[in-house]
Amino acid sequence: MKHQARKRFGQHFLVDDSITESIVRAVNPRSGDNVVEIGPGLSALTRPLLERVDRLKVIEIDRDLAARLRSQYPPERLEVTEADVLTVDFAQFGAPLRIVGNLPYNISSPLLFHLMPYADQVRDQHFMLQREVIDRMVAQPGDADYGRLSVMLQSRYDMEKLFDVPPEAFDPPPRVVSAVVRMIPLGADRPRARSDAAFSAVVAKAFAQRRKMLRRGLGEWAALVPWDEVGVKETARAEELSVAQFIALADVLHEAGVVGAGHGV
Ligand code: SAM
């Protein structure tokens, strides 16, 4: 029976085999890989992935699609978790994990943030997203697209935009151009803030007023920053700061007891 695409679940099904092939080629799955697919839908990616791996885990919110998948594949090949991916604890899937998905665009940012705490157990992530979101993910300081998403994700992942995907590759076609991104978690030797909470609080506050100079944008915190020592000008704007500079700012504010110590965040 034909499945009626559900808008509330961001359903746009891939119907262009050459795009599917390009995604699977980019992932390059091997038989023993521990792969989790988010939003398998009508199996456009699930099918070719299952041709390459012994076993696949999928997370699907749509009850009808989950039932269809269970009827198509035996549980020893396809493990279906019927759930909202934003509530799923990825620790249960083990490591090293490879996460793949043509994601529902309406939850892309929350999902990327949901996955961050699991980065240590992840080998790589390949996602199809709205191109505009991927442009923001990989943007560099000074770029118009550079913002909170860029800084937070770049502090944890090495990211590469792989290729664009036109609306006609989907049924129904979305209104926007899509693209595929590869995300590889940075290792334990990456630059790290002393407090993750302080880092996210400073980045969020700075970008809340991205065009304001930091001495204004950071409000009462600005007076506590030894600007020269941190190597940041108080007249700089959030959109000009590198990830390393945000880490330095977070560390001094954490040290001053303002953020990330259970108050002020
Ligand atoms: N992978 C399929 C493809 O490429 O044709 C479907 C992609 S479609 C853009 C997104 C899929 O994610 C749909 O199957 C949808 O039901 C599912 N989905 C949407 N929101 C979800 C959520 N919160 N948790 C898990 N799956 C979700």
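You'll find the structure just up there.
Residues numbered from 1 in each chain as written. Predicted model: local features only at pLDDT ≥ 70, side-chain atom pairs only at ≥ 80, totals over all residues. Heavy atoms only, no water.

Engineer: Which residues make up the site of the ligand, and what are the values?
Structural biologist: Taken together, 23 residues lie near the ligand, and Q11, L14, G39, E60 and N102 sit nearest. For the ligand, a nitrogen atom lies 3.4 Å from a polar atom in the backbone of P40. In this structure, D84 approaches the ligand through a side-chain N or O atom, which is 2.9 Å from a nitrogen atom. Coverage of the ligand by the protein chains reaches 98% of its 590 Å² of free accessible surface. Counting residues per element, the ones that place at least two in the shell around the ligand are β1 (13–14) and β3 (56–60). Among the residues forming the shell around the ligand, the class breakdown is 13 nonpolar, six polar and four charged. (Near = heavy atom within 4 Å. Polar contact = N/O pair within 3.5 Å; in protein donor to acceptor, adjacent residues only side chain to side chain. Areas by Shrake-Rupley, 256 points an atom, 1.4 Å probe, with all protein chains shown as cover. Helix = DSSP H or I, 4+ residues; strand = E, 2+ residues; numbered from the N terminus. Nonpolar A, V, L, I, M, F, W, Y, C, P; charged D, E, K, R; others polar.)

Engineer: Quick rundown of the pattern of salt bridges? Include the residues and the values.
Structural biologist: Scanning all chains against the criterion turns up 19 salt bridges. Here R55 makes a salt bridge to E79, at a shortest N to O gap of 3.3 Å. Of this pair, R55 sits in the loop between α2 (46–52) and β3 while E79 is found in strand β4 (residues 78–82), placing the two residues 24 residues apart along the sequence. Here R55 falls in the partly exposed class, since its relative accessible area comes to 36%. In this structure, D164 and K161 form a salt bridge, with 3.6 Å as the shortest nitrogen-oxygen distance. Of the residues examined, D164 reaches a relative accessible area of 35% and is grouped as partly exposed. (Salt bridge = Lys/Arg side-chain N within 4 Å of Asp/Glu carboxyl O. Buried < 20%, exposed > 50% of the residue type's maximum accessible area, 1.4 Å probe, protein only.)

Engineer: Any chance you could break down the nonpolar core for me, citing the residues and the numbers?
Structural biologist: Grouped together as the largest cluster of nonpolar side chains are 32 residues, with contacts concentrated most on F199, L214, F246 and L249. Going through the elements one at a time, α6 (148–154), α7 (196–208), α9 (227–230) and α10 (243–255) are the ones with two or more residues in this core. Looking at which domains feed residues into this core, each of domain 1 (7–185) and domain 2 (196–255) gives three or more. If we skip the residues at most four places from it in the chain, L214 touches A206, A222, W227, V232, K233, E234, A236, R237, A238, L241 and L249. (Core = buried A, V, L, I, M, F, W, Y, C linked by side-chain atoms within 4.5 Å. Domains from an automatic or database assignment. Contact = heavy atoms within 4.5 Å.)

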